[in-house]
There are 2 protein chains.
Amino acid sequence: MLKKSQKTGFSGGHDLGCMRMTTEMTERSRKILEVIVDDYIASGEPVGSRAVTKRHNLDLSPATVRNVMSDLEELGFLASPHTSAGRIPTEKGYRYYVDCLLQLRELTPKEKRSIEASCPGINGLDKLFQEAGKALSALSSHAGIVMAPRFTTTIYKQIEFVRLSRGKLLVVFVSESGLVQNKVIDADETLTQEDLVKITNYLNEMLSGMNISEVRAKISSEMKQERHLYDKLVGKALELSGAVLKEELGGQLFIEGASSFLDQPGIVDMGQMKRLFRAFEQKNTLIDLLDKSQQAAGVQIFIGSEHELAQIDGCSLVTANYQNVHGTIGTLGVIGPSRMAYSKVIPIVDYTARLISRMLETGDDKEI
Amino acid sequence: MLKKSQKTGFSGGHDLGCMRMTTEMTERSRKILEVIVDDYIASGEPVGSRAVTKRHNLDLSPATVRNVMSDLEELGFLASPHTSAGRIPTEKGYRYYVDCLLQLRELTPKEKRSIEASCPGINGLDKLFQEAGKALSALSSHAGIVMAPRFTTTIYKQIEFVRLSRGKLLVVFVSESGLVQNKVIDADETLTQEDLVKITNYLNEMLSGMNISEVRAKISSEMKQERHLYDKLVGKALELSGAVLKEELGGQLFIEGASSFLDQPGIVDMGQMKRLFRAFEQKNTLIDLLDKSQQAAGVQIFIGSEHELAQIDGCSLVTANYQNVHGTIGTLGVIGPSRMAYSKVIPIVDYTARLISRMLETGDDKEI
DNA sequence: GTTAGCACTCCAGCAGGTTGAGTGCTAAAA
DNA sequence: TTTTAGCACTCAACCTGCTGGAGTGCTAAC
């Protein structure tokens, strides 16, 4: 775990470059910025010069601190809600804090155990993701968010057809990691049970072990090639599987503990709260955002308007990817107000992502 | 559709008995109560005597209306927030209104089409329920709520086993209505692929067409009976299926559009809002409530504290059941503040429940 | 460069006054 | 007997002016 004065270097949308600033930022002003952000995160109240000197014995007078704060405001790290309130961090201020000043907390064994206990073995991936989201939420006191693997990144394992009432066919698709997708499609009724078995075997043999992009390509090429040659059943098989896989399934998003947003003492803007909850309901904008964060490795932090989602304005997002043996397949994290305890949230997200990765890689959750 | 002055007779927790009251309630006081409730539902503001006479030409002076309102308050149908505000309906007032005064609106063809359009054929039951919830929410401007069929009411159709990594087995269970449940279980690695096929065939042959309670009983009795007699594979099959079915799965709850609760102009009590959203997240208390409402037929209305859920205090719930050929299997409805437009919401819930029933019965959504 | 002092600003809270909506009561009218 | 008009009363909502406190910016001294 990172120690003080090491650079944490979390990347987000912007690269503020915490080095570029050091010409203007003395060690002292850094310390003061840190104290202010810490204080504000803890209290939610604007921080005044006197509070800075009092709570952390800096051997400086309030007047001196005021001068530094004034500089910090000019640099864009702080802002005052009004003349005679204290200062609060700007987004830029949070960014600098996270990039250069943050001292991460170790997770306590109790917290680790708490996360582990929430993921009681894999019995159904959906369940696992949901529980992970709940754990993230419970420990961070913000909303936990888990994006299930996108369909395209999964590996074909098996397909099954179940005949429902008249002309309806349930197709169950299973990926290697245990992700299950199902869909009902229309199918002509001439297909017998044996036909279905043959189709199943044919598809499973041909496609097993491919990822979904490959599967799509394969089906498409086979369809062209074999249209007039082989027997009708093969054509049917391709048609059915094509129908199932043509849609972009998956990328399912689990959001847990969204109600923690209502815990903020004085809810500032009800309109924003509405937009936020609506974004949680629609999910697709969030999915896009998480897709982006899936490009980079490690813990990523998006502060305020760094993500372009106007709907979740004023919120920050801490994410990390999880992997299986084939590489990164999904993203999880915490979403909360920009004023969140990053030092606590980051290790939680990091640890949870690693835990999920291990579980998906080994299929074993006992030994971490 | 019901017309004015017919009794609607929706039942809820309490039976106020709209007849017992008529000794005290004249035609005129009924009319005034109706106007007040209508007005309050429309405006959200306490209704004064003058507003009653103005907006609905009753040929009565405000003073007369005041006398009647005073009576209605004494009877417990109205309450005043404070001395010089108008009156608002009590829960009892809503109950009387819903039972005796309500004039249901017909759905417009546009609304019907809107509901139908939201359920674009069954491609996956989960998806269907979710979309139905969204439709309920969109049309009612409140939260839509759909409870998927409980596992115990479903009919066994098919079971499939898919081998995942080391020792993990994915079990996919399909019910006759197309409900899919999957679960990962541990299984010893000695089972070959052929063993699995045999197990699958054995189970599907033995259990097909039974409901889940029967299936459980059957497995249990078979296990006792055959433990020492037949080959090991049968025992294994029973063991596996038992592991899958022993849990109470299903009863999944879809809640859509919860954010509409935030649309209320002046949010009264933030604490209540929190409790509400937390109840939506936990779901199980709501599931219990909906389970209860599944006993009775037709549209059911729970107003305010008639349901015992303190968490959703001040909210009303309008529900209806949906059926397939085997009878009632699930519940859907709308949950919103007690001050909701019942005349609009009730037909929406009713129509949606019928639509879902038809779709589940015929497997065809074209012709309604 | 740092600090003390001072004037200034602004929010929060409180008291007092006003307005308007709505009520309850009473006495007169129907 | 029922309905209505009139009047006094109440109370929330709003505005106002006032005060205290927290915090700032500036300047001059250390």
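Just so it is clear, the structure is predicted and the values come from calculations on it, not from any experiment.

K.L.:
Can you break down the overall build of chain A residue by residue, with the values?
P.N.:
What chain A contains, in helices and strands, is 12 helices and 10 strands. Counting across all 368 residues of chain A, residues that qualify as buried make up 52%.

K.L.:
Would you mind going over the protein's contact with DNA strand C in detail, with residue names and values included?
P.N.:
If you check the shell around DNA strand C, you find 20 residues, and the closest are Arg 28, Thr 64, Thr 83 and Ser 84 of chain A together with Ser 49 of chain B. Near the protein, meaning within 4 Å, the atoms of DNA strand C are sugar or phosphate in a fraction of 76%, with bases accounting for the rest. One of the backbone nitrogen or oxygen atoms of Ser 61 of chain A is found 3.3 Å away from a phosphate oxygen of DNA strand C. Interatomic distance of 2.7 Å between a side-chain N/O atom of Ser 49 of chain B and a phosphate oxygen of DNA strand C.

K.L.:
Kindly report on the protein's contact with DNA strand D, identifying the contributing residues and their values.
P.N.:
In the vicinity of DNA strand D lie 20 residues, with Ser 49 of chain A together with Arg 28, Thr 64, Thr 83 and Ser 84 of chain B positioned nearest. Take Ala 85 of chain A: an N or O atom from its main chain is 3.3 Å from a sugar or linking oxygen of DNA strand D. Taken together, the elements giving at least two residues each to the surface near DNA strand D come down to α3 (62-74) of chain A together with α3 (62-74) of chain B. The greatest single-element share of the surface near DNA strand D, amounting to four residues, is contributed by α3 of chain B. Of the residues that constitute the surface near DNA strand D, the class distribution is four nonpolar, 11 polar and five charged.

K.L.:
Could you give me a rundown of the packing of helix α7 (residues 193-207) of chain A against helix α9 (residues 232-245) of chain A, with the residues and numbers involved?
P.N.:
Residues and elements named next belong to chain A. Across the interface, α7 lies against α9 with an axial gap of 9 Å and an inter-helix angle of 70 degrees. With respect to each other, α7 and α9 are oriented roughly perpendicular. Along this stretch, α7 crosses α9, giving a crossing that reads as right-handed. Here Asp 195, Lys 198, Ile 199, Tyr 202, Leu 203 and Met 206 of α7 come into contact with α9, specifically with Leu 233, Val 234, Lys 236, Ala 237, Leu 238, Leu 240 and Ser 241. When grouped by side-chain class, the residues that make up the contact of α7 with α9 number nine nonpolar, one polar and three charged.

K.L.:
Now, about the confidence of the model for chain A: what can you tell me, with residues and values included?
P.N.:
The predicted structure's coordinates, where accompanied by low pLDDT, should not be read in detail. Residues and elements named next belong to chain A. Of the residues in chain A, 85% reach a pLDDT of 70 or more, and the chain-wide mean stands at 82. Looking at the elements of chain A, mean pLDDT is at its lowest for α9, recorded as 75, and at its highest for strand β3 (residues 143-147), recorded as 96. Below a pLDDT of 50 lies the segment residues 1-9, which in the model reaches 15 contacts outside its immediate sequence neighbourhood of four places, other chains included. Under a pLDDT of 50 for its full length, residues 12-17 has, in the predicted model, 13 contacts with residues more than four places off or in other chains.

K.L.:
Could you give an account of the sheet that holds strand β8 (residues 300-302) of chain B, naming the residues involved and the relevant values?
P.N.:
All names here are of chain B. Pairing is antiparallel across the open sheet formed by five strands, whose spatial order is β7-β3-β10-β9-β8. Strands at the two margins of the open sheet, each flanked by one partner only, are β7 (253-256) and β8. Pairwise comparison of adjacent strand axes, ignoring direction, gives a mean angle of 20 degrees for this sheet. Taken together, the 10 bridges between strand β9 (residues 315-324) and strand β10 (residues 327-337) define a ladder with antiparallel strand orientation. Residue pairing for β10: Thr 319 is matched across the bridge by Gly 333.

K.L.:
Requested: an account of the pairing of strand β6 (residues 180-186) of chain B, with residues and values cited.
P.N.:
Within β6 of chain B, five of the seven residues are buried, leaving the element largely enclosed by the surrounding structure. In this structure, the hairpin formed by strand β5 (residues 168-175) of chain B and β6 of chain B is closed by a connection of four residues, where Gly 178 of chain B is found at a positive phi of approximately 100 degrees.

K.L.:
Summarise the pattern of salt bridges; cite the residues concerned and give the values.
P.N.:
Within the structure shown, the criterion is met by 20 salt bridges over all chains. Among the ionic pairs, Glu 131 of chain A bridges to Lys 127 of chain A, the shortest N-O distance being 3.8 Å. With a gap of four residues between them, Glu 131 of chain A and Lys 127 of chain A both fall in helix α6 (residues 125-140), about one helical turn apart. Between Arg 95 of chain B and Glu 306 of chain B there is a salt bridge, and its shortest N-O distance comes to 2.6 Å. Separated by 211 residues along the polypeptide, Arg 95 of chain B in helix α4 (residues 91-101) and Glu 306 of chain B in the loop between β8 and β9 bring together distant segments of the chain.

K.L.:
Describe the sheet that holds strand β10 (residues 327-337) of chain A, listing the residues and the values that go with them.
P.N.:
Residue and element names in this part refer to chain A. The five strands are arranged β7-β3-β10-β9-β8 in an open sheet whose pairing can be described as antiparallel. Among the strands making up the open sheet, the edge pair consists of β7 (253-256) and β8 (300-303). Pairwise comparison of adjacent strand axes, ignoring direction, gives a mean angle of 20 degrees for this sheet. Where β3 and β10 come together, five bridges link them in antiparallel fashion. Bridging from a neighbouring strand, Gly 144 pairs with Val 334 of β10.

K.L.:
Before we move on, can you summarise helix α4 (residues 91-101) of chain A with the specific residues and values?
P.N.:
Among the 11 residues that make up α4 of chain A, nine are buried, leaving the element largely enclosed by the rest of the structure. Those residues of α4 of chain A that fall on the buried side of the exposure criterion are Gly 93, Tyr 94, Arg 95, Tyr 96, Tyr 97, Val 98, Asp 99, Cys 100 and Leu 101 of chain A.

K.L.:
Requested: an account of the packing of helix α5 (residues 109-118) of chain B against helix α6 (residues 125-140) of chain B, with residues and values cited.
P.N.:
Residue and element names in this part refer to chain B. As a packed pair, α5 and α6 sit with axes 8 Å apart at the nearest point and diverge in direction by 155 degrees. Classified by the angle between their axes, α5 and α6 sit roughly antiparallel to one another. α6 is crossed by α5, and the crossing has right-handed handedness. For the pair α5 and α6, the contacting residues are Glu 111, Ser 114, Ile 115 and Ser 118 in the first and Glu 131, Ala 135 and Leu 139 in the second. Its residues assigned to classes, the contact of α5 with α6 comprises three nonpolar, two polar and two charged.

K.L.:
Please provide a residue-by-residue account of helix α10 (residues 270-282) of chain A, values included.
P.N.:
Side chains that are three or four residues apart share a direction in an α-helix, a result of its 3.6 residues per turn. Here α10 of chain A contains 13 residues, and its C-alpha end-to-end distance of 18 Å stays within 8% of the 18 Å for a straight helix at 1.5 Å per residue. If you check which residues of α10 of chain A are buried, you get Met 273, Leu 276, Phe 277, Ala 279 and Phe 280 of chain A. Along the long axis of α10 of chain A, the arc covered by the buried residues comes to 155 degrees, so they all point the same way. Where α10 of chain A is buried, its residues contact β7, α11 (284-293), β9 (315-324) and β10 of chain A together with α10 (270-282) of chain B.

K.L.:
Please provide a residue-by-residue account of the pairing of strand β3 (residues 143-147) of chain B, values included.
P.N.:
Residue and element names in this part refer to chain B. Across the five residues that make up β3, a large majority, five, are buried. Of the two faces of β3, the one holding Ala 143, Ile 145 and Met 147 and the one holding Gly 144 and Val 146 are both buried throughout. When β3 meets β7, the two strands line up antiparallel, connected through four bridges. Paired with Gly 144 across the two strands is Glu 256, which belongs to β7.

Rules and cut-offs
- Residues numbered from 1 in each chain as written.
- Chains lettered and ligands numbered in written order.
- Predicted model: local features only at pLDDT ≥ 70, side-chain atom pairs only at ≥ 80, totals over all residues.
- Heavy atoms only, no water.
- Helix = DSSP H or I, 4+ residues; strand = E, 2+ residues; numbered from the N terminus.
- Buried < 20%, exposed > 50% of the residue type's maximum accessible area, 1.4 Å probe, protein only.
- Near = heavy atom within 4 Å.
- Polar contact = N/O pair within 3.5 Å; in protein donor to acceptor, adjacent residues only side chain to side chain.
- Nonpolar A, V, L, I, M, F, W, Y, C, P; charged D, E, K, R; others polar.
- Axes fitted to C-alpha atoms, helices over the stretch in contact; angles between N-to-C directions.
- Parallel < 35°, antiparallel > 145°, perpendicular 65-115°, else oblique.
- Left-handed = near helix turned anticlockwise from the far one by under 90°.
- Contact = heavy atoms within 4.5 Å.
- pLDDT = per-residue confidence, 0-100.
- Pairing = 2+ DSSP bridges.
- Salt bridge = Lys/Arg side-chain N within 4 Å of Asp/Glu carboxyl O.
- Expected span 1.5 Å × (residues − 1).
- Arc of directions from axis to C-beta.

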